[in-house]
Every structure is written in C-alpha cells, then in structure tokens.
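Remarks on the overall topology
Each chain is listed here by its residues.
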Amino acid sequence: MILSIAAIQDAQIVADLRDGLAALTWRDGRETAGSAAKAVKVNEQAVMNDAAGRKMRDALVPLISENPVVNAAARPRRISAPMISRTANDGHYGAHVDNALMGTGEARLRTDISFTLFLTNPDEYEGGELVVHAAGMTQRIKGKAGELVLYPSTSIHEVRPVTGGTRIVCIGWIESMIRDPARREMLFDLENLRVTLRQNLPAGSGELLTLDRTISNLLRMWSGA
C-alpha cells in the first residue's frame, strides 16, 4: 500500500519547520547510505545530533508518531529517528531497496514501511519525484510541504534528478506490529469503517461493539515480532 497523508495541515507549523532548515549543517548523503546505495546516492543529509538537528528532530517526531492516520495504516512498533535530505544540482537517489534492518542496540528495527515527509513544495524544484516501483505499477509522487507518504520498504524506489531548485524532505522507517502488509491493509480498511460508523451510529451500538471486538481480536491474532 502506498498512502499519501496530509500529515501537517497547520501552515504555521510547516513554516516553523522550514525556518529551522536554515540552521542545519549538511554532509554528504553517502555517509548514511548502505554499501549498495552509496553508488546511486547523490544528495546531502542534515546533521541531526547537534543543537539545530536535535531541535528539528524533536519537532518532527510527534508530528509523525502521533498522527492518527500513520498509526492506523502502519501500526508502528518502532519508528526510526527522522533524517532530513536535501537534493539539488542534478542530485538524485537511484533505484535501490532499503536495508532490511537499521540501527543498533535498542534502536534497531526491521524496515517494514518507509516514509517521506515533504518540507518543500513541488513548485520550488524541478524533477525530484519519488518513484515507487510496486508489483505491476510505478507511482511518481511529488507532495506539497506537510504531506507524508508511506510506502513499502520492500519496494524498489528512487528519487529522480533535481534539475532546478532544491528538494528537502524528512525520511524514516517504521517497524510495524503487523508484519504482513495485506493484514495491515485490512486493519486500515476496518479502522476507516469504524470512523465512518461512529459518525452515523450511536455510541454503544451493537454494530460498533462488534467491529471494535473484531479489530481488537485481529490485533491479538496478528501482532507479534
């Protein structure tokens, strides 16, 4: 499932995040790439462990981890620390697959779902589309600032060359409680159905209670390492 979410709808929050970008320090993006990806990665990565990077990270984490659609669609067990990428001057990230495991120690996670949160608008740069190659289809995505895209980490994906302007995004990975993507999608459909029914049925109705029970029991059956 590839899902676009209007994650940050408050224009002031988006503006504050964009203002914070000016204080970041940047380094060669190949320093954070896996061995295979180094050969196809041409961008810059923000330093996230200095004062400006920590401030940006602290602002981004709750916007992602507390988003109700992200939680319903991804069922996160762990979410990686956010990273910020900047691409310009024909920079790109060629076709690749994300590492299956990332991080060390308690921060180590299995990459089930990748996310891209756009911090620049599509009219601020040329090219730079996120391209996700899924079974039987290819999807090109160029979201507006504040839009977050979830897509399978198992997919081959790439960022097309940025031929004008500058593309800045926040990226990261999610380990889901529900390892099977088909089961995650079924639970997401049921969660959306529950939201709709709550708007049309009285609290405590038999239909809502049955749906609540079904979702809870499927979570019990399917959640695991």
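Let us look at the structure shown here. (Residues numbered from 1 in each chain as written. Predicted model: local features only at pLDDT ≥ 70, side-chain atom pairs only at ≥ 80, totals over all residues. Heavy atoms only, no water.)

Brief notes about the overall build of the chain
In terms of regular secondary structure, the chain is built from 5 helices and 16 strands. Rg of the C-alpha trace for the chain: 18 Å, near the compact-globule value of 17 Å for 225 residues, within the 12% margin. Principal-axis analysis of the C-alpha atoms places the extent of the chain at approximately 60 × 35 × 35 Å. Considering the chain as a whole, with its 225 residues, one finds that 44% of them fall into the buried category. Across the chain, the fraction of contacts at a sequence separation of at least 24, relative to all contacts at a separation of at least 6, is 77%. Both charge centroids of the chain, one from 26 positive and one from 26 negative side chains, sit 6 Å from each other. (Helix = DSSP H or I, 4+ residues; strand = E, 2+ residues; numbered from the N terminus. Rg over C-alpha atoms; globule rule 2.2 N^0.38 Å. Buried < 20%, exposed > 50% of the residue type's maximum accessible area, 1.4 Å probe, protein only. Contact = heavy atoms within 4.5 Å. Lys, Arg positive; Asp, Glu negative; His and termini not counted. Charge placed at Lys NZ, Arg CZ, Asp CG, Glu CD.)

A look at the sheet that holds strand E7 (residues 92-96)
Two orientations exist for strands paired in a sheet by backbone hydrogen bonds: parallel and antiparallel. Pairing within the open sheet is antiparallel, and its 5 strands lie in the order E3-E7-E15-E12-E13. Of all the strands in the sheet, the pair left with one neighbour each is strand E3 (41-42) and strand E13 (137-141). Two elements, strand E12 (residues 130-134) and strand E15 (residues 156-159), share 4 bridges in a ladder whose sense is antiparallel. Directly across from His-133, in E15, lies its bridge partner Ile-156. (Pairing = 2+ DSSP bridges.)

Quick look at helix H4 (residues 181-200)
With 20 residues, H4 extends 29 Å from end C-alpha to end C-alpha; this agrees with the ideal 28 Å at 1.5 Å per step. If you check which residues of H4 are buried, you get Arg-184, Leu-187, Phe-188, Glu-191 and Arg-194. Within H4, the buried residues cover an arc of 115 degrees as seen down the axis, which keeps them to one side. Contacts from the buried residues of H4 go to strand E1 (3-6), helix H3 (68-74), strand E10 (113-118), strand E16 (162-176) and helix H5 (206-222). (Expected span 1.5 Å × (residues − 1). Arc of directions from axis to C-beta.)

Regarding the environment of Pro-82
Position of Pro-82 relative to the elements: it lies in the loop between strand E5 (76-79) and strand E6 (83-88). Spatially, the C-alpha atom of Pro-82 lies 15 Å from that of Glu-147, the residues being 65 residues apart in sequence. Sequence-distant contacts of Pro-82, defined by excluding residues within four places in its chain, comprise Met-48, Arg-57, Leu-60, Val-61, Cys-170 and Ile-171.

What about the side chain of Arg-184?
By the element assignment, Arg-184 lies in helix H4. Summary of buried charges: Arg-184 has no salt-bridge partner, and the nearest side chain of opposite charge, Asp-112, is 4.7 Å away. For Arg-184, the side chain forms a polar contact with the main-chain oxygen of Ile-178, separated by 2.7 Å. Once residues within four sequence positions are removed from consideration, Arg-184 is found in contact with Ala-73, Ala-74, Asp-112, Ile-113, Ser-176, Ile-178 and Arg-179. (Salt bridge = Lys/Arg side-chain N within 4 Å of Asp/Glu carboxyl O. Polar contact = N/O pair within 3.5 Å; in protein donor to acceptor, adjacent residues only side chain to side chain.)

A look at unusual backbone geometry
We note that Arg-75 has phi near 45 degrees; this positive angle belongs to a residue other than glycine. Structurally, Arg-75 is set in the loop between H3 and E5.

Considering helix H1 (residues 11-21)
Burial in H1 covers these residues: Val-14, Leu-17 and Leu-21. Buried positions in H1, seen along its axis, are confined to an arc of 60 degrees and lie on one side of it. When the buried face of H1 is taken as reference, the exposed residues oriented beyond 90 degrees from it are Gln-12 and Asp-19. Its buried side turned inward, H1 meets strand E2 (26-28), helix H2 (51-65), E6 and E16. Of the residues flanking the start of H1, the one acting as N-cap is Asp-10, its side-chain oxygen 2.8 Å from the backbone nitrogen of Gln-12.

Regarding the pairing of E10
The element E10 is extensively covered by neighbouring structure, given that 6 of its 6 residues are classed as buried. Side chains Ile-113, Phe-115 and Leu-117 project from E10 onto one buried face, and the interleaved Ser-114, Thr-116 and Phe-118 project onto a second face that is buried too. Direction of pairing for E10 relative to strand E14 (residues 147-152): antiparallel, over a ladder of 5 bridges. Bridge pairing links Thr-116 to Val-149 in E14. As defined by bridge partners, E10 adjoins E16 across 6 bridges and the pair is classed as antiparallel. Each residue of the ladder has a partner; that of Leu-117, found in E16, is Cys-170.

What about the environment of Asp-10?
Structurally, the position occupied by Asp-10 is in the loop between E1 and H1. Taking the C-alpha atoms as reference points, Asp-10 and Gly-146, separated by 136 residues in sequence, lie 8.5 Å from one another.

Observations regarding the pairing of E12
Pairing of E12 with E13, which is carried by 5 bridges, proceeds in the antiparallel orientation. Paired with Val-132 across the strands is Gln-139, a residue of E13. In this structure, the hairpin formed by E12 and E13 is closed by a connection of 2 residues, where Gly-136 is found at a positive phi of approximately 75 degrees.

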